[in-house]
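# Structural overview for review
As a plain string of letters, each chain reads:
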Amino acid sequence: MKIADLQVLLKVAELQSITAAANQLDMSSSAASVSLKRIEQALGAQIFVRTTRQIRLTPEGERYLPLCQQALDLLQQGQVLIHEEQQSISGEVRIAVSSEMGRNLMRVLLNNIMDKHSEVTLRLQASDSRADFYRDGIDVALRALTKEAAQELNLYGFKICNIAHVLCASPDYIKKHGEPLTPDDLLNHNALLYKLYEVVHDGWELYNDNQKYKVKMSSDRAVNDGDIVRRWCVDGTGIAKKSAIDVAEDLLAGRLKRLMPDYKIPLTEMWLVLPSRQLITPAIRLIRDELKHTISRLRKNLIAQGIINEQEWPDSP
C-alpha cells in the first residue's frame, strides 16, 4: 500500500466515481482502480461496492475512511514540519485568484518567485467565480473578505492588507465628458460595471462627512471580468469604481485619474485562505510575504504622489 493509494481512496469516496477521482488526481482510471485493489488486498477486506452505475463504501470502508484521513493528515503535517525546518521553498502550489490579479500583479509576482526557486511548480486558477477547494483541487485562494467571514467559512488564513477603492477615469474621457465633482454629477456619466453571478453592481455607495450617498449608475456595458472593466476605463469609455490595488499602476502612470477624492468608498480586506493549517508550506508563506511587500509598495507610491492618503488606506498591522 502506498501513500498515493490513500489519496485515491479519499478522492473516490468524496466524488463517488473512480473516473472523476482519477481526472482530479491527473491519473488514469485504471491506475486508480489498481490503487483501490492494492488497499483492499492489504486490508483483506472490500472497501467499495461497485456496480455499473455507482460506487459506494462498504461498512468496512466507512470505518476505515476517517482513519485513512487522519493518517494522511499526520503525514502532511510531518512533510510541512520537515520542509519548514529545512526552509525548503519547493513543491506544487495550487492557488486561485481573481482574473485581474492573475493577469497582472500575481502573474508577475509568481514569475519572480519561480525564477528564484526552481523547485516550485504552479497550478493557477484565475477566475472571478469563487473556487471550491475540494471540487477544483485548490490549496490556497486569494479572496476579498473579512476575518469573520473566513471564520464562518471554516477557513484558515492570513490577512494581506486592507483594500481601498477609488472612482477613476482616463484623461481622454474627462476631456470629452467633463469631471464629476458630486454624486449627482455621476448620473450624467457612463459607468463601467462589474457583473458576477448575473448580479450587476450598479449601486455605488459613497460617504462624505458621515453622509451616505447611494447612486444607481447608468451604463452601456457590464462584464464578469474585473480586468476588462479596468481596460475599458483606460480606453476612455466611462468611469469605474475599482480597487486601488488593481489600478495603482495606471494611476501612477497617468493612464487614469482619480475622481471625487472627497467621497470615500468603504474599505474591504484581502485574505490568503486555506481549508487547513496543514496546507501552509514555506512556498505559500513566501507568496504571502511577497504579496504584502508588493501591495505595501504600491500603497506608499500612491500616498507619495498624493493620489490617496494614509487615512483612506490604513496599513495592515
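Quick summary incoming for the structure in this document. (Residues numbered from 1 in each chain as written. Predicted model: local features only at pLDDT ≥ 70, side-chain atom pairs only at ≥ 80, totals over all residues. Heavy atoms only, no water.)

### Quick word on the overall build of the protein chain
- Per the secondary structure count, the protein chain includes 12 helices and 15 strands.
- For the protein chain, the spread of C-alpha atoms along the three principal axes comes to 80 × 45 × 35 Å.
- In the protein chain, buried positions account for 42% of the 317 residues.
- Long-range contacts, defined as pairs at least 24 residues apart, comprise 74% of the intrachain contacts of the protein chain with a sequence gap of at least 6. (Helix = DSSP H or I, 4+ residues; strand = E, 2+ residues; numbered from the N terminus. Buried < 20%, exposed > 50% of the residue type's maximum accessible area, 1.4 Å probe, protein only. Contact = heavy atoms within 4.5 Å.)

### Points about the nonpolar core
- Met106, Met270 and Leu291 are the most contacted members of the largest nonpolar core, which has 48 residues in total.
- Formed by 19 residues, the second largest nonpolar core is a distinct cluster that contains Leu9, Val12, Ala21 and Ala32. (Core = buried A, V, L, I, M, F, W, Y, C linked by side-chain atoms within 4.5 Å.)

### A closer look at the pairing of strand β5 (residues 140-144)
- With respect to burial, β5 is a largely interior element, 4 of its 5 residues being buried.
- Inspection of the sheet shows strand β3 (residues 91-97) paired to β5 by 2 bridges, in the parallel sense. Bridging across to β5, Ile95 finds its partner in Val140. (Pairing = 2+ DSSP bridges.)

### Concerning the sheet that holds strand β15 (residues 268-274)
- If you trace the 5 strands from one edge of the open sheet to the other, you get β4-β3-β5-β15-β6, paired in mixed fashion. Of all strands in the sheet, those bounded by a partner on one side alone are β4 (120-126) and β6 (156-163). Within this sheet the neighbouring strands show an average axis-to-axis angle of 20 degrees, counted without direction.
- Pairing geometry for β5 and β15, over 4 bridges, is antiparallel. Directly across from Ala141, in β15, lies its bridge partner Val273. (Axes fitted to C-alpha atoms, helices over the stretch in contact; angles between N-to-C directions.)

### Description of the sheet that holds strand β7 (residues 165-169)
- Strand order across the open sheet formed by 3 strands is β13-β7-β14, with antiparallel pairing between neighbours. Edge positions in the sheet fall to β13 (240-243) and β14 (257-259), since each has one partner strand and no second. Averaged over all pairs of adjacent strands, the angle between their axes in this sheet comes to 55 degrees, without regard to strand direction.
- In the packing of helix α10 (residues 226-235) onto the sheet, contacts are made with β7 and β13, and the angle to β13 comes to roughly 125 degrees.
- Sitting on the sheet, helix α11 (residues 244-253) touches β7, β13 and β14, and the angle it makes with β13 is about 105 degrees.

### Here's the deal with the side chain of Thr58
- By secondary structure assignment, the location of Thr58 is in the loop between β2 (55-57) and α4 (59-86).
- Filtering out sequence-adjacent residues up to four positions away, Thr58 remains in contact with Gln46, Ile47, Phe48 and Val49.

### Regarding helix α3 (residues 29-43)
- The first and last C-alpha atoms of α3 sit 21 Å apart over 15 residues, in line with the 21 Å expected at 1.5 Å per residue.
- Among the residues of α3, Ala32, Ser35, Leu36, Ile39 and Glu40 are the ones counted as buried. Taken around the axis of α3, the buried residues stretch over an arc of 130 degrees, which confines them to a single face. When the buried face of α3 is taken as reference, the exposed residues oriented beyond 90 degrees from it are Ser30, Gln41 and Ala42.
- Directly beyond the C-terminal end of α3, a positive phi value near 70 degrees is found at Gly44. (Expected span 1.5 Å × (residues − 1). Arc of directions from axis to C-beta.)

### Digging into the packing of aromatic side chains
- Here the structure, examined in full by the defined rule, presents 2 aromatic pairs.
- Plain terms: the ring middles of Tyr213 and Tyr263 are 5.7 Å apart, the flat faces sit at 75 degrees to each other, and that makes the pair edge-to-face. Of this pair, Tyr213 sits in strand β11 (residues 211-216) while Tyr263 sits in the loop between β14 and β15, and the two are 50 residues apart along the sequence.
- Here the basic side chain of Arg288 rests over the ring of Phe158, its NZ or CZ set 4.6 Å away from the ring centre. (Phe/Tyr/Trp six-rings, centres within 6.5 Å; stacked < 30°, edge-to-face > 60°. Lys NZ or Arg CZ within 6 Å of the ring centre and 35° of its normal.)

### Looking at the pattern of salt bridges
- Inspection of the entire model under this criterion finds 22 salt bridges.
- With its nearest N and O atoms 3.3 Å apart, the salt bridge here joins Lys264 to Glu312. Of this pair, Lys264 sits in the loop between β14 and β15 while Glu312 sits in the segment after α12 (282-304), placing them 48 residues apart in sequence.
- Ionic contacts of the salt-bridge type, sharing partners, join the residues Glu100, Arg103, Asp225, Asp227, Arg230, Arg231, Lys242, Asp250 and Arg255 into one network. (Salt bridge = Lys/Arg side-chain N within 4 Å of Asp/Glu carboxyl O.)

### Topic: helix α6 (residues 105-116)
- With 12 residues, α6 ought to run about 16 Å at 1.5 Å a step, and its terminal C-alpha atoms sit 17 Å apart, in line with that.
- Listed in full, the buried residues belonging to α6 are Leu105, Met106, Leu109, Leu110 and Ile113. Considered in projection along α6, the buried side chains sweep an arc of 110 degrees and stay on one side of the axis.
- Buried residues belonging to α6 abut β3, α5 (99-103), β4, β5, α11 and α12.

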